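Notes for the structure review
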Amino acid sequence: MFSLRRFATTSPLTITSRAFSFTPRAALARMQIIGRLAAEPELMPTSTGKEMVRYTLGVSTGARDASGIRLTSWFRVASFSEGPGRDLLLSLPKG
């Protein structure tokens, strides 16, 4: 949904507002990345004494080219979660 208004002094067509969602705004953005692990996740200590899990995901997108290869985007991720989620992440194999 967006509204359009015409102004004589600016361009003939100006977009004034655009609504993407009707849900309330969250403090943090959430993103889901679905791909393959480039290497096994590593448990790393921080300077404050906490531990984080670092890993890299490769995501293939788009159509295959003539040689059958897709474009791959790489994401380096740091996770500070604790508990069963961290243990599961550390147990995942490469690929």
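Just so it is clear, the model here is predicted, and its values are computed rather than measured. (Residues numbered from 1 in each chain as written. Predicted model: local features only at pLDDT ≥ 70, side-chain atom pairs only at ≥ 80, totals over all residues. Heavy atoms only, no water.)

So, the overall build of the chain
Going by this rule: Each helix corresponds to a stretch of at least 4 residues labelled H or I by DSSP, and each strand to a stretch of at least 2 residues labelled E; elements are numbered beginning at the N terminus. Using a 1.4 Å probe on the protein chains alone, a residue whose accessible area is under 20% of its type maximum counts as buried, one over 50% counts as exposed, and one in between counts as partly exposed. We call two residues in contact whenever any of their non-hydrogen atoms come within 4.5 Å of each other.
Along the chain, the regular secondary structure elements total 1 helix and 6 strands. The secondary structure elements of the chain, listed N-terminal to C-terminal, are β-β-β-β-β-β-α. Residues classed as buried in the chain amount to 12% of the 95 residues present. Contacts in the chain between residues far apart in sequence, at least 24 positions, make up 33% of those at least 6 positions apart.

Notes on the side chain of Arg86
Mapped onto the elements, Arg86 comes out in helix α1 (residues 84–91). Taking relative accessible area as the criterion, Arg86 reaches 18% and is therefore assigned buried. Apart from the residues within four sequence positions on either side, Arg86 is in contact with Leu43, Glu51, Val53 and Ser81.

Topic: the nonpolar core
Heads up, the condition is: Residues grouped as a nonpolar core are buried Ala, Val, Leu, Ile, Met, Phe, Trp, Tyr and Cys residues, joined through side-chain atoms within 4.5 Å.
Formed by Leu37, Val53, Tyr55, Leu57 and Leu89, the largest nonpolar core amounts to 5 residues. Of the residues forming this core, the biggest block, 3 residues, is contributed by strand β5 (residues 51–61).

Describing the environment of Ala39
Among the structural elements, Ala39 can be located in the loop between β3 (36–37) and β4 (42–45). Since its relative accessible area comes to 40%, Ala39 is described here as partly exposed. For the pair Ala39 and Lys94, spaced 55 residues apart in sequence, the C-alpha to C-alpha distance is 4.8 Å. Discounting chain neighbours no more than four positions away, the residues touching Ala39 are Thr56 and Lys94.

Quick notes on the pairing of β4
Selection rule: Strands are treated as partners if at least two bridges between them are detected by DSSP.
Summarising the sheet, β4 and β5 pair through 4 bridges and their orientation is antiparallel. The residue bridging Met44 from the neighbouring strand is Met52, located in β5.

Details of the side chain of Ser79
Rules: Under this definition, polar contacts are N or O atom pairs within 3.5 Å; protein pairs additionally need one hydrogen-donor-capable and one acceptor-capable atom, and for neighbouring residues in sequence, both atoms have to be side-chain atoms.
Within the secondary structure, Ser79 sits in strand β6 (residues 71–79). A polar side-chain atom of Ser79 sits 3.2 Å from a polar atom in the side chain of Ser81. Residues in contact with Ser79, not counting those within four places in the same chain, are Met52, Val53, Tyr55 and Leu89.

Quick look at the confidence of the model for the chain
Our working definition: A score between 0 and 100, pLDDT records how confident the predictor is in each residue.
Overall, the prediction assigns the chain a mean pLDDT of 80, with 78% of residues at 70 or greater. The weakest mean pLDDT in the chain belongs to strand β1 (residues 2–5) at 40; the strongest belongs to β3 at 94. Note that pLDDT drops below 50 for residues 1–11; the model gives that stretch 20 contacts with residues more than four away or on any other chain.

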